[in-house]
Amino acid sequence: MKESFPTIQARRTRQAELKRDLEFEDTLAGEHLRFRTTWGLFSPRRIDDGTRMLLDRIEVGPTDACLDLGCGYGPIGLTLARKASQGHCTLVDTNFLAVEYSRRNAELNGITNVDCVTSNGFAQIRDRRFDLVTSNLPAKVGREMLYTYLLDAHEQMNPGGRIYVVTITGLRRFIEKGFKEVFGNYDKVKQGREYTVAAAVREPD
C-alpha cells in the first residue's frame, strides 16, 4: 500500500526541521556568546548545567594556553578563549561534526585565538603543552578511558598548570582517586546534587 502524499510530505518536513541549525545565545562566566548547533550534538538547545557549573569556577589567566577536551559545539573552549585573550585555546573532540560546529561558532563570535581539531583524546595534539585543561567528562566513555585522559593531560601540562573537570556526582570518588594518583593533589571545587567540579595542579617535576 502506497503512502499518501500528506504522510510523505510530513516526513520530509520533519527531516528538514531536524537538519536545520538550532541557534541560541547565552552568557557564560560573563562572556556573551552566540551558538549554532544541530541535533545529534550534546545539549543542542541550551548550555547544560554541568558546563555552566564548570565555567563559573575556572580560573583563567590572560595568556594561558588552554585545552577543551571533548568540546562539543564549543561553549567551554570559546569561553576560555575569550578569557585568555592573549593566549590560545585548542578545542578537540572525536566527533567531526562537533569540531565543525565549534569552528563555525568561533567564526560567529569573532574568536580567532582558537583552533578546532578532530582527535581521540590527545592523539592529534601530542606536540602541544597547556597551562589549563578542562573537560565536561562523559561517564559513558568508561573509567579506563577517563584515567587515560588524566595521564595524557598530566604529560602535556606545563608545570603549575591546572586541570578542571566536571562529572556526574556519581563519579566524584573515581575522579578524586585518579587526581591524587596522577597529579598528587585534588580539590573538590563544587559538589552539587547532579554534578561535581574538581581540580588539580601539575606540580613541578
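Here, every reference points to the structure presented above.
Residues numbered from 1 in each chain as written. Predicted model: local features only at pLDDT ≥ 70, side-chain atom pairs only at ≥ 80, totals over all residues. Heavy atoms only, no water.

K.L.:
Explain the environment of L28 residue by residue, including any values.
P.N.:
Relative to the assigned elements, L28 resides in strand β1 (residues 22–28). Of the residues examined, L28 reaches a relative accessible area of 1% and is grouped as buried. Here the alpha-carbon distance between L28 and L54, two residues 26 residues apart in the chain, equals 10.0 Å. The residues contacting L28, other than those within four sequence positions of it, are L33, F35, I47, R52, L55, P75 and T79. (Helix = DSSP H or I, 4+ residues; strand = E, 2+ residues; numbered from the N terminus. Buried < 20%, exposed > 50% of the residue type's maximum accessible area, 1.4 Å probe, protein only. Contact = heavy atoms within 4.5 Å.)

K.L.:
Account for the side chain of T134, naming residues and giving values.
P.N.:
Looking at the element boundaries, T134 is found in strand β6 (residues 130–136). On the basis of relative accessibility, which here comes to 0%, the residue T134 falls in the buried class. The contact partners of T134, leaving out residues within four places of it in the chain, are I58, L67, D68, L69, I76, L80 and Y164.

K.L.:
How would you explain the pairing of strand β5 (residues 114–118) if you had to name every residue and give the values?
P.N.:
Sheet analysis places strand β4 (residues 88–93) next to β5, joined by five bridges and oriented parallel. Looking across to β5, one finds that C89 is bridged to V114. (Pairing = 2+ DSSP bridges.)

K.L.:
With reference to specific residues and values, describe the nonpolar core.
P.N.:
Counting 33 residues, the largest nonpolar core has F35, L78, L80 and V114 as the members making the most contacts within it. Core analysis: the next-biggest nonpolar cluster, separate from the first, contains 24 residues, Y149, A153, I175 and A200 among them. (Core = buried A, V, L, I, M, F, W, Y, C linked by side-chain atoms within 4.5 Å.)

K.L.:
Help me get a handle on the pattern of salt bridges, residues and values and all.
P.N.:
Throughout the structure, instances matching the rule amount to 14 salt bridges. Residue E176 pairs with R173 through a salt bridge whose shortest N-O separation is 3.3 Å. With E176 and R173 both in helix α6 (residues 172–182) and three residues apart, this pair spans about one turn of that helix. In this structure R173 comes out as exposed when scored by relative accessible area, which is 57%. (Salt bridge = Lys/Arg side-chain N within 4 Å of Asp/Glu carboxyl O.)

K.L.:
Give me the layout of surface pockets: which residues, what numbers.
P.N.:
Of the pockets and cavities examined, the largest pocket occupies roughly 760 Å³. As for the largest pocket, its lining consists of 35 residues, of which F42, G70, D93, N136 and P138 are closest to the centre. Looking at the lining of the largest pocket, the elements that each hand over two or more residues are β3 (65–69), α3 (75–83), β6, α5 (143–156) and β7 (157–168). Partitioning the lining of the largest pocket into residue classes produces 17 nonpolar, 13 polar and five charged. (1 Å grid on protein atoms, 1.4 Å probe; cavity = no way out; pocket = protein on both sides within 12 Å on 5 of 7 lines; lining within 4 Å. Points joined across faces, edges and corners; volume = space filled by probe spheres on them. Nonpolar A, V, L, I, M, F, W, Y, C, P; charged D, E, K, R; others polar.)

K.L.:
Can you lay out empty space enclosed by the protein for me, pointing to particular residues and giving the numbers?
P.N.:
Counted by the stated rule, this structure contains one cavity of 30 Å³ or more. Here the largest cavity defines a volume of roughly 40 Å³. Contributing to the lining of the largest cavity are L69, V133, S135, L137, Y149, L150, A153, I163 and V165. Those elements giving two or more residues to the lining of the largest cavity turn out to be β6, α5 and β7. It is α5 that contributes the most residues to the lining of the largest cavity, three residues altogether. Here the residues of the lining of the largest cavity are counted per class, giving eight nonpolar, one polar and no charged.

K.L.:
I'd love a proper account of the sheet that holds β7, names of residues and values included.
P.N.:
Spatial strand order, β5-β4-β3-β6-β7-β9-β8: seven strands in an open sheet with mixed pairing. Here the strands that pair on one side only, and so sit at the sheet edges, are β5 and β8 (187–191). Put simply, the sheet's adjacent strands are angled 15° from each other on average, direction ignored. Inspection of the sheet shows β8 paired to strand β9 (residues 195–201) by four bridges, in the antiparallel sense. For K188, the partnering residue across the bridge sits in β9 and is A198. The sheet contacts of α3 involve β3, β4, β5 and β6, and relative to β4 the element is tilted by about 175°. On top of the sheet, α6 reaches β7, β8 and β9; it is set at about 170° to β7, its chief contact. (Axes fitted to C-alpha atoms, helices over the stretch in contact; angles between N-to-C directions.)

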